[in-house]
Amino acid sequence: MSAVELADQFESVEKQEHAARLGMWFFLGSETLLFGGLFALYASYRAMYPFEFHQALLHNDTMLGTVNTLVLITSSFTVALAVHYVRMDRSRLAALLLGLSTAFGVTFLVIKFVEYGDHIRHHVLPAGMYSMADSPPGGVVMGQTLYWFMTALHALHVVAGMILLGIAAVGCARRRYGRSRFIVVENSGLYWHLVDIVWIFLWPLFYLAK
Amino acid sequence: MIRAHVTATNTLVAWLALVGLTFFSFGASRVGLGAGAELAVALTISATKTIIVLFIFMHLVEQRFANRLIVIVTFLFIVLLVTLMAADPITRKTFPKAPDPSSRPVD
Amino acid sequence: MSDATLGMDADARMDPRGAGATHPDYMRAESGLRSWLLTKDHKRIALMFYGAVLLFLGLGGIFALILRTELLTPEATIIDPATYNQMFTLHGVTMVWLFMIPAIPTVFGNFALPLMLGAKDLAFPRLNLLSFYVYVASAVIILGAMVAGGADTGWTFYVPYSSTSPTAVTWMGIGIFVNGMSSIMTAINFVVSTHTLRATGLRWQRLPLFVWAIYGTSIIILFATPVLGLSLVLVALDHGLGLGIFDPRYGGDPVLFQHLFWFYSHPAVYIMILPAFAVISEVVCTYSQRPPASYRAIAYSSLGIAFGGFFTWGHHMFVAGMSEFDAGAFGGLSMFVAIFSAIKVFTWVATLRGGSIAFQTPMLYFLWFLFLFVFGGMTGVAVATQSLDVHWHDGYFVVAHFHFIMVGGTLTAFLAGAHYWFPKMFGKLYDERVGLVASVAVFIGFVFTFLPQFLLGNAGMPRRYYSYPPQYQWLNVLSTGGAWLLGAALLLALVNLVVALKWGRRAGPNPWGSRSFEWITSSPPSKHNFDVTPIIERTPYDYHLSEEDARERSRAS
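Residues numbered from 1 in each chain as written. Chains lettered and ligands numbered in written order. Predicted model: local features only at pLDDT ≥ 70, side-chain atom pairs only at ≥ 80, totals over all residues.

(A) Examining the overall build of chain A more closely. Within chain A, the regular secondary structure consists of six helices and zero strands. Helices (α) and strands (β) of chain A occur, in sequence order from the N terminus, as α-α-α-α-α-α. Projected onto its principal axes, the C-alpha coordinates of chain A cover approximately 65 × 30 × 25 Å. Counting the 210 residues in chain A, one finds 56% classified as buried. Of all intrachain contacts in chain A linking residues separated by at least 6 positions in sequence, the fraction that spans at least 24 positions is 78%. (Helix = DSSP H or I, 4+ residues; strand = E, 2+ residues; numbered from the N terminus. Buried ≥ 20, exposed ≤ 12 C-beta atoms within 10 Å, placed from the backbone. Contact = placed C-beta atoms within 7 Å.)

(B) Region of the structure containing the nonpolar core. Core analysis: the biggest nonpolar cluster contains 287 residues, and A:Ala82, A:Leu98, C:Val279 and C:Ile280 have the highest contact counts within it. Here the element with the most residues in this core is helix α9 (residues 254-288) of chain C; it accounts for 24 residues. Discounting residues that sit within four places of it in the chain, A:Leu98 has contacts with A:Val79, A:Ala82, A:Leu165, A:Ala168, A:Ala169 and A:Cys172. (Core = buried A, V, L, I, M, F, W, Y, C linked by C-beta atoms within 7 Å.)

(C) Representation of helix α4 (residues 91-121) of chain A. Residue and element names in this part refer to chain A. Here α4 spans 45 Å end to end across 31 residues, near enough to the 45 Å set by a 1.5 Å rise per residue. Buried within α4 are the following residues: Ser91, Ala94, Ala95, Leu97, Leu98, Ser101, Thr102, Phe104, Gly105, Phe108 and Glu115. Those residues of α4 that are buried lie in contact with α3 (62-87), α5 (138-173) and α6 (183-207). Once α4 finishes, histidine 123 follows within two positions and takes phi at roughly 60 degrees, a positive value. (Expected span 1.5 Å × (residues − 1).)

(D) Structural view of the interface of chain B and chain A. The interface of chain B with chain A comprises 34 residues on the first partner and 36 residues on the second. Broken down by secondary-structure element, the contributors of at least two residues to the side of chain B that touches chain A are α1 (8-30), α2 (35-57) and α3 (65-91) of chain B. Ranked by the residues each element gives to the side of chain B that touches chain A, the list is headed by α3(B), at 13 residues. Tallied by class, the residues present in the side of chain B that touches chain A amount to 23 nonpolar, nine polar and two charged. (Nonpolar A, V, L, I, M, F, W, Y, C, P; charged D, E, K, R; others polar.)

(E) Quick look at the interface of chain C and chain A. Taken together, the contact between chain C and chain A spans 33 residues of the former and 32 residues of the latter. If one sorts the elements of the side of chain C that touches chain A by residue count, helix α8 (residues 209-241) of chain C sits on top with eight residues. Of the residues in the side of chain C that touches chain A, the class split is 19 nonpolar, nine polar and five charged.

Have a look at this one:
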């Protein structure tokens, strides 16, 4: 495993790693605001159409949503373990765990696409896909549109996260990352945890209506 | 400088807690508290889970205050956006009220 | 000089040409296109941005001149109404995202920030280069969209018109989204650099005020830009794929788009003005040879503006159909943000007192800034007053207000910075007389362009209108005449600097006698800025120290 190269502008490797970590946290804060705007839209439309919005939520399969929540939480767990082990220089184990996390990501996406297929079959679509004639009441449509967009945006982030985890996994397998060089693995993990956190909020908002 | 240290056991316990909270959340939604209370409970549980993920999985417990400040500031900005934006439709007096279903003539 | 260095051994003797003078300067260190296009040197990246933003300032200016010329007569003059709508939209989009937001941070921020920190580069040099290419990509997309149908929605892209306009709104939205990504990359670089790359002895309280303001700007960029990205993605999807999230036919609410858009765009105006404040703080202290009247007032008010600016966005929506409660909340909150700007203005003026003031070109620009920004700022408080805004909204009063801030404030400060840092960036001195003349012409041109617009707005002329009643004509003619003069003056200022690049007198390391840290290096700096990280034992405004003592306490070799 190669040691970290100290870049010219940094005083020490410690400073350099702190900078990379700090930069990642700032980036995560920024990414969170992307979803923040959508949460604001959700709150606004749900406040506007309390009854009808709720109707839209009933279209979602609570079981599948809950399974997906457990899948993501567990994948977060395996990622956290991977970071733990790479810090202990057990890079091969870390690579395995990262691979497992990616597989969980795939599982999540498969379940998601099953849900989407279901929705399409039941004609539960974003607003623009309806004509004026066959459109459900306004509040219902807005709830559905938000569901589609917010979960799709989240799924996009799951894919991005999987790519990062994949890069980290390959690096660990090749023993490029280890005790004295793991910031890439850590930062990829941070991104994945954010993806998990966003879903932790999306789940009750879209799936726990009775 | 890392003072606290997240061990593999910490991580495992955190995962179990998250799974437990997920089931708790699911159960709470089945009890029938009414839409407002349900949402409040659900979001509180989500916030708790988030703190566990942040501090244990993301190692925030080990890190400098600067990193925690980013999380706090992010959260506050989202609260600001959601609150003042949702307050608009909630407090509009001219927004047409939903028609009363019972007022529609049955044919 | 030699007397002062007696007793010091030869190794510690400081080069009078500035730190790094023994090396070739950054422009000559490597040659060839690849060494520029693949550079990681923040100074070269700054120059590449410099060229790009000036190009777009020119393009945005051309759009402005076209629309101002159209407004010479009450009816058709040179273009048709559809083209007119495109002109003001493209003028706004180009100026806001391709000039105003990037300019001072990516040019002077990139160049001077690492120098001010005593660092050899930013924290993430490759991210810096990437931010340039992402910016260029965004410009290509936006320009492509302009050619492929443009946009006629105004730079604010309000739904429902933007969802249905028969123009290239989708691609405009995508281009601006990409532009936002570039912005965020720059912001991350700046904040992390400020946290982790400060030289030995450079505590936060010893940072140049420029750094504080750029830091505040970066915070705003980080937290506001994603919401803009979201709002434009939603519009792009609405327009391109018919998503319908704001479509009233399906229960959507167009006002919610405005909430999301202005949550970014109000803080965005602070992204545009805070860097101007950054430049002004440096210029005021240097050309009066005084420390700031209160360092903390200026430093902390930068953070105050950064955070306070997020609480006020609804004052753009007073007549949009927002609730009275929200309107009241936003109106009240808006009153507070101006306090921080006022604190700065008073502090700058107090700084001048007892100073040894030199009227070089940057200082003259500061004078214009003072007058124009205060005027603009006060009219800002006025339009943020609900009862008044009902009359002024969507009229020329608002247009005049924000141009006073953005042109009278930011562009003026940009010009001040361009002249102030010219010797540092290029190692040459520009012609002071031409600089002063151009500066006066800019001011006169500006006043003729925008002062009449306050009167027009107050008299009831709406903005974005192609035609107007004849009684408004004389004010429009004045404004257009001023616009052409302003354009010519800006060109003169540019030519003066470009000529000086080749034929200017050589500049020493510190021609203005500033105590700020970027002046420690040679002019221009070497590729790595400093051989050794400097040891800072003074503030950047220690004008009570002689230049030699000041150099001693910021040793970099």
